Amino acid sequence: MTNITYFRRKPFVRTFGLSLLLIFVHMLFFSESAYSKEKATLLQQTIQVTGQVKDQKGEALPGVIVSVRGSRQSVVTDKNGHYTINKLNKNSTLVFSLLGFETQEQTVGNTKVINITLKETVTGLDEVVVIGYGEVDRKDLTGSVGSVNIEQMAQAPVMSFDQALAGRVAGVQVSSAEGQPGEEGISIVIRGANSLTQDNSPLFVVDGFPMEDFEASSLNPEEIASMDILKDASATAIYGARGANGVIIIETKKGQEGRPTVTFNTRTGINKITNRMEMMTPYEFVRLLQERSQSAADRYYLGDHGLELEDYQNVRGIDWQDQILQTAPAHLYNLALRGGTRQTKYSISGSVNDMTGVIINSGQKRYQGRISLDQQINNKLKANLNANFSSGSSYGAYTSSSSSAASNYMYAVWAFRPLRGAIEIDEFGNIIEDDEGFLEDEFGDEEPSVNSSFNPILNAQNTYRTRRDNTLNVNGSVDYAITKALTFRVNGGIKQFQRRSETFYNSSTMQGNPRRPNNIRGQYGSVGFSETTTWLNENILRWKKRINKQHNLDVLGGFTLQGVARNNYGYSSQFVPNEELGMSGLDEGVPYSASASISDHTLASFLGRVNYNYKWRYLFTASFRADGSSKFSARNRWSYFPSGAFAWRMDREAFIQDIPWISESKLRVSFGYTGNNRVGDFSYLPAITLPISFAYPFNNATPERGGSVSAMGNPDLRWESTSQLDIGYDVGFFDSRLNLTVDVYRKTTSDLLLNANVPYYTGFSTVYRNIGKIQNQGLEITLNTVNIKNRDFEWRSNFNISFNRNKILQLADNENNMLSMKSWQTGFNETPLYMAKIGQPAAVFYGYVFDGIYQFEDFDQTPSGSYILKNDRPDNGDPRNLIQPGDVRYKDLDGDGTITDGDRTVIGRTLPIHMGGFSNDFRYKNLTLNVFFQWSYGNHIYNANREIFEGNRLNSIIINQFASYVDRWQPDNPSNTLFRVGGRGPAGTYSSRVIEDGSFLRLKTVSLAYRFNPRYLHAIRLSGLELNAAAQNLFTWTNYSGMDPEVSVRHSVLAPGFDFSAYPRAKTLVFGLKATF
Amino acid sequence: MVCFLMPSCEKFLSTTPQDFLSTPNYYETEEHLQTALNGVYSRLQQDALYGANLWSYYDIADEFYWSMTNVTQTAPDIAIYRHSPSDAQVRVLWQTCYKGIGDANMLIANINKPIMDEQRRSTILGEALFLRAYYYFLLVSNYGKVPMPLEPVTSPAGNDMPASSIREVYDQIIQDMEIAETLVLPIQDIGFGGRISKSAVRGILARVNLYMAGYPLQDESRFAETVRWARMLINDPVHRLNPDYTDIFLRYARDEYDIGESIWEVEFWGNRADAYVSSGRLGSRNGIEMRNNDFLDEIGFAYGQISAVGRLYRRYENGDVRRDWAIAPFRFASNGTENPWNANQLYERNCGKWRRKPELVIPKNRNFTPQNFPILRYADVLLMYAEAVNELLGPEEALPALNQVRARANASLYIGANAITNPDVFREVLREERSRELCFEALRKMDLIRWGIFSDTMFWLGIEIAGEVPASRIYAPYAAQNVSTRHLLYPIPTYELSLNRSLEQNPNW
């Protein structure tokens, strides 16, 4: 093959000359056998090989490294792709490598001229796709599988792949709750959520080991070799039980045959805040307080100090955001050693990452290492071992998930007053701005009251909260080729996940401060330890046969066992006498609460799959899996998940082959069932527990244990099942310069597993049940194009867009809708904000329609000057006599003149209409640029920050407000959007007032890299050197008024799109270097 | 390989819970029943009931107002009648009662499961029946019509349960309590007021019947029942008034019992320096304000969140020992000294009935106290008796009971020329007497409601307070001013309405 290429392109004379040389060498070898062995060796050592390296189109390739395996010798091809290499022997193996091309090897043997055609690293339809229990050429795929362009994704300066996955693959929605490093709350949802309260994250299969709760952060993105996302039922049904949410199959980088290569990669840079809120100035703050309560304003800032409002015009005050937000360092280091022989391949790699958060005293660190070993034991037996250990930690107090608003960081930062409560004046009557003192002042006031907020900086500096995760994954497999066609594989593994959570509140934290009246624990702390051990055994028999060169059969069958055991222990200690000891001082305190729990579940499965194709033209797949789960009672334990798929490769038909510009054309149809068992290990059983809070102290004696039925149990609990129909079409044009994949699908999930709210009269608040039916249908389009490609310049694009429509088809008890609450702040927690209604998505915002502000003309004025709401004007839910001009007004939908529950309606959508990503790769000579955009369009966000900081719905006295509230209703400023101070209407209601468009377009990742020509590197013994710069979350275009539109704190499918005190998202800028030895 | 045979596979899949006991495996011994019963009792201690709310938020009427409002604080909505159906405090009362009912239902359903002493079994059954009925009594008096499950709810399906009428709920309460009365032990055998005794059941039956006789049922035939039950206690030699009014409350603080006077009390215990959480907020929330940590153990930390209204102070005549105990005549200076209030400083006075100084559990906790709370005192029994007898037979028969209560307080007696002869006058006097004797004991608001005078009383109270309150306490009339007729009942919690579609919201909510 190589010779053919050679002769076709090169001038005859030269070819002739080389041919002569070839003949000469051949003669030499033929005569060689007659000589003595010593002489032969001598001769062999002097073999010289020449040749030329080209790409598939026949263009000469300069800069290709030609090395000799097992020696240090190497040369680089010249600008015409030619090389000459000496001192070889017959058994020498030449290795030809160039970035962007597959490495090739050639044994010298008797040839003296070795011409090589390097294949470009495959993209698009050429690639091999890893599917469940096997792999297949993408061309022959019958299901819908999206592959992540790993090389592009690896450019993103992130610690774990889920932070960079958004927008990469059509139909895969990746969203994060907020920006807290290591605790972003990232959810990956494939083709819409099936389950309302249960986990919707896909099943992860890493190097063949399936994991339901996979810690993405335990995997170093640098070590990922491929990532394939199985979306339709035919692809996922082989994972039956847990395939309903889609499957993400990850293969890590393995060793390759060839000399050892060391890759070192370092990236260093900064994390920086992307946005901040504008707060009221001290002047505005005092003015607001004055409107709120003249006596409070006098006491703190005005009358009692002989000051007037105007005295605050030029007072700077403190914007606490300046104090708590920082530009923080980011470090990412990777080191890998990979290599191997034909029998043994190895890969050893490790990484150190350190990302400091944009809020002080928060961040994330990780140390991680991986070993992979492949060994061919004999020609029938092959073994493989993978081990990964990751030790990660994240630290920093909760920004948004704490149960009390005041201990949420951003809340505290925005709420804390910009001026000290105990204002001081110098002898000239000027206000003394004592920033240093204020920054160290616990309450900004002399005597704290119960509701007073605590200095957020002190709190952030002193709160100790860490979460350390150690994850160990070890798995291995043995493959035995019983015959050439029949192989048996035993796969086993264990995953151990340990988490230690620690918190300690010293006297400078809000919780532990002795001056705070409702601190009843002194200085206190707690430690929690949990451990999850998952083991797996899989036994797969596979038979692959080609019959009559027309029928291709690939049949597999097997059974698997899996078990998960969890336990957790913890204890808390209060009144710790020596707070400076921190956690280790807990033993000196008084223990006050302890926790312990142990639980386990098991899963047994039988599986089978047949792949059959006729002349690679008509492809059929049928699979079947039976799963038994210990999570259900004996009669509901087993469930069966069949699937089938058909694909027609039209490009193999004559009528397509005749069209020269169509390079690929494939139609796919699949249908199948998958399941879900993500409920508690024993949710089907009623439980009685004896917590200490139910003890009762009869006769003033030590309390006697009391029992309470803590769970109703549901013996009827059964598997959730999802059926999915997928029709897809893959087409490639102009020699695969343009590839288009379109999929339409409809998923219907029945017997939804729901941790359903039940009325309190039952004695319970939630119970697991199978409830109703939900449908997701959608369209996914992926377009890969090679826009420009020539020797020096190349431009490739990937565009994907997905539309998913989520619809409730049926609810339990024939209900028409189901309401859900969001728990974030006492006063609001009891009101539903979300509705799941038949015919609508799983969650829509539900509440009153904001109808502006009551103006003077809505009132009659009494002779005494007071305002009485006109009879024809509806109230806002407050008693009519309390309503005043400037109060908030809601639409009276049922026209009964008063605002009641009946006036609530759908006020916003929580799910985007479409979302996607657009990636562009540019290469100019050795310079590459990747620009990646990601977007989400059409979803709303409930901006609860505005409930508190734009009108003070909680009616707290001394809290600051957003600058936007300066424009509130005042007698001389008839605002119709911002109610007057105190005009908040009835407490604990939700309205469309703070619902905002959450659409955004984000320049997610930009990376620029320069690769040095290996020719120059050779001298310094490097085979590759790259300098790069990358940025993450660089720009965001949005109309959302909050910090960041990608937000959903305390996220759940029933209650998404909620913004309250979210940890601000950072943009990351790094510079890096990647060297290969 | 284990799994090739289905039976071994089933074995592999049959896991058993290690972290909890499942109800089918419980209620198998006497100890199990007792533990379950303790759980039913424990709801009484929670913040939503006698831990805090029942004697603070839920009892705001014409005795006190929420005084922890100042330039840095606002009153909770519930404390000024600004609560909405979604207010958490509206929900917790509902939820806590039903949790107690659910546990009681499960216990009652399994009462015959263990082989055990029959006497013990019937005692446990009696206590459980009574407590369930008492939780329903709290529900019906606070929310009106409510769903009334009497069996454990074991299936999540069919969650819609319509409310039973007020009449049905009361009938069930009477039925259960009357059965309980035959089952539980006499108070002498128990020896302390923390467990349900025959006396407790009888006294509460007197109260339930009295409520039935008033608004909203207005079933006047019930006065006779009140008389019948109260008389049983009056005729029981165990019960008598503690001759020293203040001693009643010192005993609660010191964890001492007096079964003569204190017939049923909620037990509180400890200071939370350990893992137990059986202490309540009595005395901390509604004590005499003292926030200096230096006097934590000597005086005890108290927020002083509850202060008397002027009207309550004026209800007492000079010399009535109850006035200056129930209403703090002084405040604590930050150095711990007691500074008496001026005679005209009526609205500054904190509730003084629950003082922390005598507490013996040291160290004291700022927020939680071991003080027991009385649900039923003998003085209340006498007054209930007097009230019902007056309605049936007139003042002459009723006066001795009233005078007995007044005599103990060193108040003037209605005898001789002062004797009341007009039943309407007696009614008015008795209504005030109940406040004088029982103020801050979680009874007043319900009394006003059953007498049908709650909204009127609050309306005029609002005007009265506004007219006399000092400017520093301008928020004192808020609660009274905000009351409208809808406040006779709490709204059904929004949460519950969203999930049980058979429920209807209470009028005007």
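Remember, it's a predicted structure, so these values are computed and weren't measured experimentally.

Conventions adopted
- Residues numbered from 1 in each chain as written.
- Chains lettered and ligands numbered in written order.
- Predicted model: local features only at pLDDT ≥ 70, side-chain atom pairs only at ≥ 80, totals over all residues.
- Heavy atoms only, no water.
- Helix = DSSP H or I, 4+ residues; strand = E, 2+ residues; numbered from the N terminus.
- Buried < 20%, exposed > 50% of the residue type's maximum accessible area, 1.4 Å probe, protein only.
- Contact = heavy atoms within 4.5 Å.
- Areas by Shrake-Rupley, 256 points an atom, 1.4 Å probe, with all protein chains shown as cover.
- Lys, Arg positive; Asp, Glu negative; His and termini not counted.
- Charge placed at Lys NZ, Arg CZ, Asp CG, Glu CD.
- Core = buried A, V, L, I, M, F, W, Y, C linked by side-chain atoms within 4.5 Å.
- Salt bridge = Lys/Arg side-chain N within 4 Å of Asp/Glu carboxyl O.
- Phe/Tyr/Trp six-rings, centres within 6.5 Å; stacked < 30°, edge-to-face > 60°.
- Lys NZ or Arg CZ within 6 Å of the ring centre and 35° of its normal.
- Axes fitted to C-alpha atoms, helices over the stretch in contact; angles between N-to-C directions.
- Parallel < 35°, antiparallel > 145°, perpendicular 65-115°, else oblique.
- Left-handed = near helix turned anticlockwise from the far one by under 90°.
- Pairing = 2+ DSSP bridges.
- Buried area = accessible area lost by both parts, 1.4 Å probe.
- Polar contact = N/O pair within 3.5 Å; in protein donor to acceptor, adjacent residues only side chain to side chain.
- Nonpolar A, V, L, I, M, F, W, Y, C, P; charged D, E, K, R; others polar.

Student: Even after reading the chapter, I still don't get the overall build of chain B, so can you show me in this structure?
Tutor: Within chain B one finds 19 helices and six strands. Along the first, second and third principal axes, the C-alpha atoms of chain B reach 90 × 55 × 45 Å. With 509 residues in all, chain B has 67% of them scored as buried. Taking as baseline every contact in chain B between residues at least 6 positions apart, the subset at least 24 positions apart corresponds to 71%. Accessible area for chain B stands at about 17,100 Å²; split by element, carbon and sulfur atoms hold 52% of it. Charged side chains in chain B number 51 positive and 63 negative. The centres of these two groups are separated by 3 Å.

Student: I tried to follow the nonpolar core on my own but got confused; where do I start?
Tutor: Core analysis: the biggest nonpolar cluster contains 174 residues, and B:Leu44, B:Tyr50, B:Tyr134 and B:Trp264 have the highest contact counts within it. In terms of residue count, the dominant contributor to this core is helix H5 (residues 118–143) of chain B (14 residues). When neighbours within four sequence positions are excluded, B:Tyr134 is seen to be in contact with B:Leu44, B:Tyr50, B:Met177, B:Ile204, B:Arg207, B:Trp264 and B:Ile375. Residues A:Ile318, A:Phe962, A:Val1047 and A:Ala1066 belong to the second largest nonpolar core, which totals 49 residues.

Student: Can you walk me through unusual backbone geometry in this structure?
Tutor: Among all residues except glycine, the phi angle is most often negative; among peptide bonds, the trans geometry is most common. Backbone torsion omega between B:Tyr215 and B:Pro216 reads 5 degrees, so that peptide bond is classified as cis. In the segment running from B:Ile362 into B:Pro363, the intervening peptide bond is cis, with an omega of -5 degrees. Here B:Pro363 shows up in the loop between strand E5 (338–340) and strand E6 (373–377). Backbone geometry places A:Asp751, a non-glycine residue, at a positive phi of 55 degrees.

Student: Just checking my understanding: could you explain the pattern of salt bridges for this structure?
Tutor: A side chain of one charge can pair with a side chain of the opposite charge when the charged atoms of the two come close. This structure, assessed with the given rule, holds 96 salt bridges over all chains. A salt bridge links A:Arg718 to A:Asp751, with the nearest nitrogen and oxygen atoms 2.9 Å apart. Placement of A:Arg718 in the loop between strand E31 (708–711) and strand E32 (720–733) and of A:Asp751 in the loop between strand E33 (738–750) and strand E34 (753–757) is noted, with a sequence separation of 33 residues between them. Of the charged contacts in the structure, one is a salt bridge between B:Asp247 and B:Arg254, with a shortest N-O distance of 3.7 Å. Residue classification places B:Asp247 among the buried residues on the basis of a relative accessible area of 15%. Its relative accessible area of 26% is what places B:Arg254 among the partly exposed residues.

Student: Which parts of the structure should I look at to understand the packing of aromatic side chains?
Tutor: The description of an aromatic ring pair rests on the distance of the ring centres and on the angle between the ring planes. For the coordinates displayed, the defined rule picks out 83 aromatic pairs over all chains. The interplanar angle of 20 degrees and the centroid separation of 6.2 Å between the aromatic rings of B:Phe130 and B:Tyr134 together place this pair among those described as stacked. With B:Phe130 and B:Tyr134 both in helix H5, this residue pair falls four residues apart, about one helical turn. Accessibility expressed as a relative area gives 0% for B:Phe130, which makes it buried. Look at B:Tyr134 and you get buried, because its relative accessible area is 1%. Ring geometry for B:Trp354 versus B:Phe373: centroids 5.6 Å apart, planes at 35 degrees, classification tilted. Of this pair, B:Trp354 sits in the loop between E5 and E6 while B:Phe373 sits in strand E6; the two residues are 19 residues apart in sequence, bridging distant segments of the chain. The residues B:Trp354 and B:Phe373 share a single accessibility class, namely buried. Here a set of aromatic residues connected by ring pairs shows up, and it is made of A:Tyr411, A:Trp414, A:Trp824, A:Phe828, A:Tyr834, A:Phe845, A:Tyr942, A:Phe949, A:Phe962, A:Tyr990, A:Phe1058 and A:Phe1060. Geometry around A:Phe698 places B:Arg195 over its ring, the cationic atom sitting 3.9 Å from the centre. Lying over the aromatic face of B:Phe368, B:Arg272 brings its terminal NZ or CZ to 3.5 Å of the ring centre.

Student: Honestly, the packing of helix H14 (residues 395–408) of chain B against helix H15 (residues 423–438) of chain B in this entry has me stumped. Any pointers?
Tutor: Each pair of packed helices can be described by the angle between their axes along with the distance between the axes. Residues and elements named next belong to chain B. The interhelical angle for the contact between H14 and H15, taken along N-to-C directions, is 25 degrees, at an axis separation of 11 Å. Classed by the angle they form, the pair H14 and H15 counts as roughly parallel. As H14 packs across H15, the resulting crossing turns out to be left-handed. Residue-level contacts link Pro 395, Ala 398, Leu 399, Leu 402, Val 405, Arg 406 and Arg 408 of H14 to Pro 423, Phe 426, Val 429, Glu 433, Arg 436 and Glu 437 of H15.

Student: Any chance you could explain the sheet that holds strand E1 (residues 47–54) of chain A here in plain terms?
Tutor: Adjacent strands of a sheet pair through backbone hydrogen bonds, lying either parallel or antiparallel. Here three strands make up an open sheet; going across it, the order is E4-E1-E7 (chain A) and the pairing mixed. This sheet does not close on itself; its edge strands, each paired only once, are strand E4 (82–88) and strand E7 (116–117) of chain A.

Student: How do you make sense of the interface of chain A and chain B when you look at a structure like this?
Tutor: Across the contact, 103 residues belong to chain A and 101 residues belong to chain B. Buried surface at the junction of chain A and chain B, both sides included, amounts to about 8,500 Å², of which 58% is carbon and sulfur. Among the residues of chain A in contact with chain B, A:Tyr696, A:Tyr760 and A:Tyr761 are the three that bury the most area, contributing 11% of the side total. With a shortest N-O distance of 3.2 Å, B:Arg82 and A:Asp878 are connected by a salt bridge. Applying the counting rule to chain A against chain B returns 34 residue pairs in polar contact (both at pLDDT 80 or more). Residue composition of the side of chain A that touches chain B, grouped by class: 51 nonpolar, 37 polar and 15 charged.

Student: I'm lost on the sheet that holds strand E49 (residues 995–997) of chain A in this one. Help?
Tutor: Residues and elements named next belong to chain A. Within the open sheet, the three strands sit side by side as E49-E48-E52. Their pairing is mixed. Each edge of the sheet is formed by a strand with only one pairing partner; in this case those strands are E49 and strand E52 (1058–1059). Here strand E48 (residues 940–943) runs beside E49; their pairing, made up of three bridges, is antiparallel. If you follow Tyr 942 over to E49, its bridge partner there is Ile 995.

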